[in-house]
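# Coordinate inspection notes
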Amino acid sequence: EDFSKAMSQAGSSQFQEVIRQELEYSMKVELDKILATASSNELEHTKKDLEGFKKLFHRFLQEKGPSVDWGKIQRPPEDSIQPYEKIKARGLPDNIASVLNKLVVVKLNGGLGTSMGCKGPKSLIGVRNENTFLDLTVQQIEHLNKSYNTDVPLVLMNSFNTDDDTKKILQKYSHSRVKIYTFNQSRYPRINKETLLPIAKDVSYSGENTECWYPPGHGDIYASFYNSGLLDNLIAEGKEYIFVSNIDNLGATVDLYILNHLMNPPNGKRCEFVMEVTNKTRADVKGGTLTQYENKLRLVEIAQVPKAHVDEFKSVSKFKIFNTNNLWIALSAIKRLQEKNAIDMEIIVNPKTLDGGLNVIQLETAVGAAIKSFENSLGINVPRSRFLPVKTTSDLLLVMSNLYSLNAGSLTMSEKREFPTVPLVKLGSSFTKVQDYLRRFESIPDMLELDHLTVSGDVTFGKNVSLKGTVIIIANHGDRIDIPAGAVLENKIVSGNLRILDH
């Protein structure tokens, strides 16, 4: 009985191997056909992209199920995640400029503003006093360079979706004191979920072909940065570390204390990779967390967790921190690992349904997942203020309000707010798109004393409204609520129909 069971298992794994080989062969044939349509000036980078994609596809066929063995996950050792206070307590050296001159700021700029109803790159959405995410970033770095007389460059990782629009806008910074470089992340073909073959028939990605391609997540930064030649150029200029963050995280400013800790480590041994983590709140249950796994720090994302353990993963008590995606990485280490093809990142399978109803998958990786490939990695538990992402118009309302003051491109929480937590804001579907959201506020309300705001339905706000405590405003279907100018709502529930008519 055991023998026949073993035989059938061997048979099934052999059978699976044959299927795998056939799928890889079919994929190769299709990719060669696509490559054959490339013009001579597209050939080189298309070839690199498709090679990278082939490697990812090969790994995708090998791996089955969630990629972590839950039993091996341990809490990280005490000293592997340091409190920010301890890093800050070391103070700063006199020669902070020489430390800053070793730094490059990299912003992940591949995303579109579609989730907020905007066309074009998300980084060009106005966030505060007409300033876009990109404006604020440039202002921050320019302020650093002027204050310390340094030359910290800004590098933008664009995708094929954002590259043209971003390059056009960069001309407006030509006189600012920041060198700006860009490179493009790879362009990979989306795969038909049923056949596991690419849906693209040629290399073009305009018109009806835009849906055939995707940028493969920010884990692609290592290969793209290296392939672009920019990594080598920056090393040649004497740069040693990059600070990487999402361009829509307004809290991700250059932190001199963390930089000093990297350049002048207390034990003389430099970290190759630092991940900023921060304490979870109930709103962050889906964020990736740092764990100890096979004696290495490892980022575990919700997609990798076996179904039976998802609730445990989300619990705030067991996994207290999550990854902010603010990362500090040694350039020499990226070069070394990239040349050895030794950067190991779990594959994220992202299913999508296209406009025509076709189900596709895109294979992606996350930049922080590479932490286990670097030597002497470290987590730093930073204050929540370093994580201020703007993903929705609810987030936008917070950063546009008087909760924050703007200084040299950096947002800091107003000293007039008595407690440093951010209010919980939930704006309903009438506010999802930026232009609808802007139309519904004549001016941004005073939110200094707000704890919680929920708005649902057709609601508009007049000028100089004040919101305090918990405010819930619900206009039922067909009703409309106009909050009058100068209204002060404190711990109020407003529902039904409220039209203020000018007489």
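Residues numbered from 1 in each chain as written. Predicted model: local features only at pLDDT ≥ 70, side-chain atom pairs only at ≥ 80, totals over all residues. Heavy atoms only, no water.

Take the side chain of H261 next. Along the chain, the position of H261 falls in helix α9 (residues 256-263). Using a relative accessible area of 8% as the deciding quantity, one classes H261 as buried. Setting aside residues up to four positions removed in sequence, H261 forms contacts with I87, R90, P266 and L378. (Helix = DSSP H or I, 4+ residues; strand = E, 2+ residues; numbered from the N terminus. Buried < 20%, exposed > 50% of the residue type's maximum accessible area, 1.4 Å probe, protein only. Contact = heavy atoms within 4.5 Å.)

Take the environment of N149 next. Within the secondary structure, N149 is located in the loop between α5 (133-148) and β5 (154-158). Classification of N149 by relative accessible area gives exposed; the value is 58%. Expressed as a C-alpha distance, the spacing of N149 and S98, which sit 51 residues apart in the sequence, is 9.8 Å. For N149, the contacting residues outside a window of four places in its chain are L144 and R177.

Next up on the list: helix α6 (residues 163-170). Residues of α6 that are buried include every one of D163, T166 and L170, and no others. Within α6, the buried residues cover an arc of 70° as seen down the axis, which keeps them to one side. Along α6, exposed side chains directed more than 90 degrees from the buried face belong to D164 and K168. Summarising the contacts, the buried residues of α6 are in contact with β2 (103-109), α5, β5 and β6 (180-184). (Arc of directions from axis to C-beta.)

Turning our eyes to something else, we now look at the UniProt feature "binding site: substrate" (unreviewed entry) in the protein chain. What UniProt calls "binding site: substrate" (unreviewed entry) maps, in this numbering, to H218. Mapped onto the elements, H218 comes out in the loop between β9 (213-214) and α7 (221-227). Note on H218: relative accessible area 26%, which makes it partly exposed. When neighbours within four sequence positions are excluded, H218 is seen to be in contact with L108, M157, N246, N325, T365, A366 and V367. (UniProt positions renumbered as here; feature names shortened; annotations may be inferred.)

Another point: the sheet that holds strand β25 (residues 488-495). Overall, parallel pairing links the four strands, which are arranged β20-β21-β23-β25 in an open sheet. Edge positions in the sheet fall to β20 (424-427) and β25, since each has one partner strand and no second. This sheet shows a mean twist of 15° between the axes of neighbouring strands, independent of strand direction. On top of the sheet, helix α12 (residues 393-400) reaches β20 and β21 (446-456); it is set at about 130° to β20, its chief contact. (Pairing = 2+ DSSP bridges. Axes fitted to C-alpha atoms, helices over the stretch in contact; angles between N-to-C directions.)

Within the secondary structure, S401 sits in the loop between α12 and β18 (404-407). Here the side chain of S401 touches L398 through a polar contact of 2.8 Å, landing on its backbone oxygen. A polar contact of 3.1 Å, which involves the side chain of S401, links it to the backbone nitrogen of L403. Excluding residues that lie within four positions of it along the chain, S401 makes contacts with R128, I444, P445 and M447. (Polar contact = N/O pair within 3.5 Å; in protein donor to acceptor, adjacent residues only side chain to side chain.)

Frequently, the measure chosen for interface size is the accessible area removed from exposure when the parts meet. Structurally, the protein chain comprises domain 1 (70-386) and domain 2 (393-495). One C-alpha centre belongs to domain 1, the other to domain 2, and the line joining them spans 30 Å. Domain 1 puts 15 residues into the contact, and the matching count from domain 2 is 16 residues. Regarding the contact of domain 1 and domain 2, the summed buried area is about 1,300 Å², with carbon and sulfur atoms giving 63% of it. Looking only at domain 1, the three residues that lose the most surface to domain 2 are M116, V127 and R128, adding up to 44% of its buried area. Where domain 1 meets domain 2, there are zero salt bridges. (Domains from an automatic or database assignment. Buried area = accessible area lost by both parts, 1.4 Å probe. Salt bridge = Lys/Arg side-chain N within 4 Å of Asp/Glu carboxyl O.)

Before going further, it helps to spend a moment on the UniProt feature "binding site: UTP" (unreviewed entry) in the protein chain. Following the UniProt record, the feature "binding site: UTP" (unreviewed entry) maps to K122, Q185, G217, D248 and K391 here. Within the annotated group just given, the residues that line the second largest pocket are Q185. Along the chain, G217 falls in the loop between β9 and α7. You can call G217 buried: its relative accessible area is 18%. Setting aside its immediate chain neighbours within four residues, G217 contacts Q185, E364 and T365. Here K391 is to be found in the loop between β17 (378-381) and α12. Excluding its chain neighbours within four sequence positions, the residues that come into contact with K391 are S115, M116, K122, N246 and D248. In terms of polar contacts, K391 uses its side chain to reach the side chain of D248, at 2.8 Å. (1 Å grid on protein atoms, 1.4 Å probe; cavity = no way out; pocket = protein on both sides within 12 Å on 5 of 7 lines; lining within 4 Å.)

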